[in-house]
Amino acid sequence: MIVSRLELIDFRNYSEASFDLTEGTTVVLGDNGQGKTNLAEALAYLATLTSFRGAPGDALVRVGTDQGIIRATVRHDDGRESLIEAELRAVGRNRVQVNRQKLQRVRDLLGTVRVTVFSPDDLIIVKGGPGERRRFMDDTLVTLATKYDAIRLEMDRIVKQRNTLLKQAQKAGHRELPTDIEVTLDVWDAKFSEIADQFGYARATLVSRIAPMVQEAYEHLAGVASPIELRYEPEWRRTGLKAALTAARGDDVRRGVSTVGPHRDELDVTINGLPGRTHASQGEQRTLALALRLAGHRLATERIGSAPVLVLDDVLSELDDGRARALLGHLPDGQVVITTASELPPAARADRIIRIAAGTIVPGD
Ligand SMILES: Nc1ncnc2c1ncn2[C@@H]1O[C@H](COP(=O)(O)OP(=O)(O)O)[C@@H](O)[C@H]1O
Ligand SMILES: [Mg+2]
């Protein structure tokens, strides 16, 4: 699947711009603040319906307007084309149309456009707290199969409801839980453990599949073999969540929150036997973050049988020359969009170069 054309209307700093992307590598050149990351964000939005920068929906709509549009022509592997139009409202519900037909639910779009983004912010996957690595795992799962989006939402909902109940129990403050609360908690525990066991299994499987790919990607980029380990081994998975919730109930009630479960998991990443988060150099962390993304991209390509669009946002600002050359000299097969403020090294073969300035395409190329 490729995005052959991307049109932005009142999206971020674009009032109206239309990009013809090649099926190979498109390089988008522009100085800082001209709209490179905004373009990456628009592509990724079609895949996830969120901003990879974590920006709220109204930030995506151009200032001074109340609606933005991302319009994309997508060419599927079988040659079919679809026209996707996402209308983003500063206030009110967004709408999505595919081939001029309005989707019942905006989330029905998931799975139509697949995009892998690597951006400078991804350093946080390695450097940030456990929530960042959970997000990495879960976003990768959603790329592999959209059902994980629904599972993740459902799990968040269950944890919220369970926490509300635990707060009630905490307030009740008795040594013995009131029976009605206890019975309701049992019901939530059953629901929670069923979905959590399934999700924990999915995360564990994902991690075991990508671990060797992360290792390979890292070695390729860094040019040296540094042993990298990914470990996802939450304690609750030994017994299943049901037993762990029962064991933690006293604690949960006392604190008024769910203290165990997938929402508290950690994915440990070590390099040379040391925790990447606290011990790796900034350069190692960046390379590791990129290796994680590339591994997720490769797994998605293999599993789906077709490469997602790979968007490398400002990657040259992130990597030293050797690593940039290693990356750009051997890009994975499939459509690639690279944004950069400086010309690419000659090793990178650009099939098309688009120059942008202040949210417009500079004519000439
Ligand atoms: N909603 C918006 N409306 C208008 N301009 C915006 C909006 N959001 C961001 N911008 C502008 O977009 C520019 C940043 O674009 P960005 O794509 O991040 O730049 P870069 O090319 O450095 O990646 C900034 O000048 C910012 O003011
Ligand atoms: Mg940028």
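Our structure is the block above this text.
Residues numbered from 1 in each chain as written. Chains lettered and ligands numbered in written order. Predicted model: local features only at pLDDT ≥ 70, side-chain atom pairs only at ≥ 80, totals over all residues. Heavy atoms only, no water.

Novice: What is the right way to look at the site of ligand 1 in this model?
Specialist: In the vicinity of ligand 1, 15 residues are found, and the nearest of them are Gly33, Thr37, Asn38, Arg53 and Ala59. Within the backbone of Gly35, an N or O atom sits 3.0 Å from an oxygen atom of ligand 1. At 2.8 Å, a backbone N or O of Lys36 approaches an oxygen atom of ligand 1. Across the shell around ligand 1, the residue classes break down as 3 nonpolar, 7 polar and 5 charged. (Near = heavy atom within 4 Å. Polar contact = N/O pair within 3.5 Å; in protein donor to acceptor, adjacent residues only side chain to side chain. Nonpolar A, V, L, I, M, F, W, Y, C, P; charged D, E, K, R; others polar.)

Novice: What is the right way to look at helix H9 (residues 321-329) in this model?
Specialist: Each α-helix turn comprises 3.6 residues. Residues three or four places apart therefore point the same way. Within the sequence span of H9, burial applies to Arg323, Ala324, Ala326, Leu327 and Leu328. Next to the buried residues of H9 lie helix H5 (179-222), helix H8 (282-304), strand E12 (309-313) and strand E13 (336-340). You can read the cap of H9 off the contacts: a side-chain oxygen lies 3.2 Å from the backbone nitrogen of Gly322, and it is on Asp320. (Buried < 20%, exposed > 50% of the residue type's maximum accessible area, 1.4 Å probe, protein only. Helix = DSSP H or I, 4+ residues; strand = E, 2+ residues; numbered from the N terminus. Contact = heavy atoms within 4.5 Å.)

Novice: Help me out: how do you make sense of the packing of helix H4 (residues 147-172) against helix H6 (residues 241-255) in this one?
Specialist: Relative placement of two packed helices is described by the angle separating their axes and the distance separating the axes. Here H4 crosses H6 at 65°, and the two axes come no closer than 7 Å. The interaxial crossing formed by H4 with H6 has right-handed handedness. On H6, the residues touching Arg162, Leu166, Ala169 and Gln170 of H4 are Leu245, Asp252, Val253, Arg254 and Arg255. When grouped by side-chain class, the residues that make up the contact of H4 with H6 number 4 nonpolar, 1 polar and 4 charged. (Axes fitted to C-alpha atoms, helices over the stretch in contact; angles between N-to-C directions. Left-handed = near helix turned anticlockwise from the far one by under 90°.)

Novice: Looking at this structure, I do not really get the side chain of Arg71. What am I missing?
Specialist: When you line up the elements, Arg71 lands in strand E4 (residues 67-75). Reaching out from Arg71, the side chain makes a polar contact with the side chain of Glu85 at a distance of 2.7 Å. Those residues in contact with Arg71, other than ones at most four positions away along the chain, are Arg5, Leu6, Glu7, Ile9, Leu83, Ile84 and Glu85.

Novice: How do you make sense of the side chain of Asp122 when you look at a structure like this?
Specialist: Examined against the element boundaries, Asp122 turns out to sit in the loop between strand E8 (115-118) and helix H2 (123-127). When sequence neighbours within four positions are dropped, the list of residues in contact with Asp122 reads Val117, Ala289 and Arg293.

Novice: Would you explain the sheet that holds E4 in this entry?
Specialist: Sheets are built from strands that pair by backbone hydrogen bonding, the pairs being arranged parallel or antiparallel. Pairing within the open sheet is antiparallel, and its 6 strands lie in the order E2-E1-E4-E5-E6-E7. Looking at strand neighbours, the two that pair on one side only are strand E2 (14-20) and strand E7 (101-102), the edges of this open sheet. As paired elements, strand E1 (residues 2-11) and E4 share 7 bridges and run antiparallel to each other. Bridge pairing in E4 links Ile2 to Arg75. Docked against the sheet, helix H1 (residues 36-48) engages E1, E2, E4 and strand E5 (81-89), running at close to 115° with respect to E1. (Pairing = 2+ DSSP bridges.)

Novice: Mind showing me how you'd approach the pattern of salt bridges here?
Specialist: Proximity of charged atoms lets side chains of opposite charge pair with each other. With the rule as written, the count across this model stands at 34 salt bridges. A salt bridge links Glu132 to Arg135, with the shortest nitrogen-to-oxygen separation between them at 3.3 Å. Note that Glu132 and Arg135 are positioned in helix H3 (residues 130-144) at a spacing of 3 residues, about one turn of the helix. By relative accessible area, which is 43% here, Arg135 ends up partly exposed. Ionic pairing is found between Glu266 and Arg133, a salt bridge with its closest N-O pair at 2.9 Å. Taken together, the positions of Glu266 in the loop between H6 and strand E10 (268-271) and Arg133 in helix H3 put the pair 133 residues apart, joining distant regions of the chain. When its relative accessible area of 25% is taken as the criterion, Glu266 is described as partly exposed. On the basis of relative accessibility, which here comes to 3%, the residue Arg133 falls in the buried class. (Salt bridge = Lys/Arg side-chain N within 4 Å of Asp/Glu carboxyl O.)

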